[in-house]
Amino acid sequence: MLVSGGNSQIIRINDFDKMEIIGQTIDDAAGEAFDKCAKVMGLPYPGGPVVDKLAKQGDADKFKFNKPRIANYDYSFSGLKTSFLYFLRDELKKDADFIEKNKEDLCASLQKTIVDILMDKLRLAAKDTQINEIAVAGGVSANSGLRNAFVDHAQKFGWNIHIPKFAYTTDNAAMVAITGYYKFLENDFCDKSVVPYARTSI
Ligand code: KG4
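Predicted, not measured: the structure shown is a model, and the values here were computed from it.

### A few points about the packing of aromatic side chains
The description of an aromatic ring pair rests on the distance of the ring centres and on the angle between the ring planes.
1) Next: With the rule as written, the count across this model stands at 10 aromatic pairs.
2) Next: Summarising the aromatic geometry, the rings of Phe150 and Trp159 are spaced 6.3 Å apart at their centres and angled 70° between planes, so their arrangement reads as edge-to-face. Residues Phe150 and Trp159 agree in their burial class; the two are buried.
3) Next: Here Phe184 and Phe189 contribute two aromatic rings whose centre-to-centre distance is 6.0 Å and whose plane-to-plane angle is 80°, an arrangement assigned as edge-to-face. An identical accessibility class is assigned to Phe184 and Phe189; each is exposed.
4) Next: Three or more aromatic residues joined by ring pairs make a cluster, and in this case those are Phe63, Phe65, Phe84, Phe87 and Phe98.

Structure below.
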């Protein structure tokens, strides 16, 4: 079973030609949640790696953010983004330096919430399907909180985990780049009427 970036999906892989998306985000992807919340804090894009770095010095239990209640194995991150925004807006009214003073704790708490949302669903899917070969891929697989959660779950639930080496966590960007390179070499260009799309089925 694979948790992938991009669309934040849980994919059940029975065989190489039998992949089935059993859960996915109904709005934002996990990476978008990192990036959008980071933007609200005034952190540079992409916010994911910056949040990860700051989170290492913060208290993950300092702030609590709501986790969504979504049926089955689907995710949602847009509610978290909104509650994070409103929380900061309220705190900034009381103290204009709130973000600066609490940057590390905000990042740690936010990261913990995102990782918990992902792991709660993955744990449920693993339990229901009785699959214990679990992999993670995509940009968010670089996140140290998520990587640690995978290791914890492996120990606790006997999962056999497959986590890419850090250098391979931006595989999507590399795949898009190499595809573009070969298309360029073959003079395979499209005209300007083509509309880009960020999501596709497998
Ligand atoms: O969604 P994704 O798999 O798509 C592509 O590879 O194009 O990966 C991109 C996302 C971005 O949102 C970025 O912020 C996030 O991966 N990302 C991270 C980390 N490194 C990259 N998110 C959290 N922690 C990181 N260390």
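There is more to say, and it comes next.
### Describing the side chain of Ser141
1) Next: Relative to the helices and strands, Ser141 is located in the loop between strand 4 (133-136) and helix 5 (144-157).
2) Next: The class for Ser141 is buried, based on a relative accessible area of 1%.
3) Next: Not counting the four nearest positions on each side in its chain, Ser141 is found in contact with Val136, Leu146, Arg147, Pro164 and Thr169.

### Some remarks on the site of the ligand
1) Next: If you check the shell around the ligand, you find 15 residues, and the closest are Asp35, Asp52, Gly139, Asn143 and Asn172.
2) Next: Asp52 is positioned with one of its side-chain polar atoms (N or O) 2.9 Å from a nitrogen atom of the ligand.
3) Next: Within the backbone of Gly139, one N or O atom sits 2.7 Å away from an oxygen atom of the ligand.
4) Next: Within the complex, the protein chains bury 80% of what would otherwise be the 550 Å² of accessible surface of the ligand.
5) Next: Broken down by secondary-structure element, the contributors of at least two residues to the shell around the ligand are helix 1 (30-40) and helix 2 (47-55).

Analysis parameters
- Residues numbered from 1 in each chain as written.
- Predicted model: local features only at pLDDT ≥ 70, side-chain atom pairs only at ≥ 80, totals over all residues.
- Heavy atoms only, no water.
- Phe/Tyr/Trp six-rings, centres within 6.5 Å; stacked < 30°, edge-to-face > 60°.
- Buried < 20%, exposed > 50% of the residue type's maximum accessible area, 1.4 Å probe, protein only.
- Helix = DSSP H or I, 4+ residues; strand = E, 2+ residues; numbered from the N terminus.
- Contact = heavy atoms within 4.5 Å.
- Near = heavy atom within 4 Å.
- Polar contact = N/O pair within 3.5 Å; in protein donor to acceptor, adjacent residues only side chain to side chain.
- Areas by Shrake-Rupley, 256 points an atom, 1.4 Å probe, with all protein chains shown as cover.

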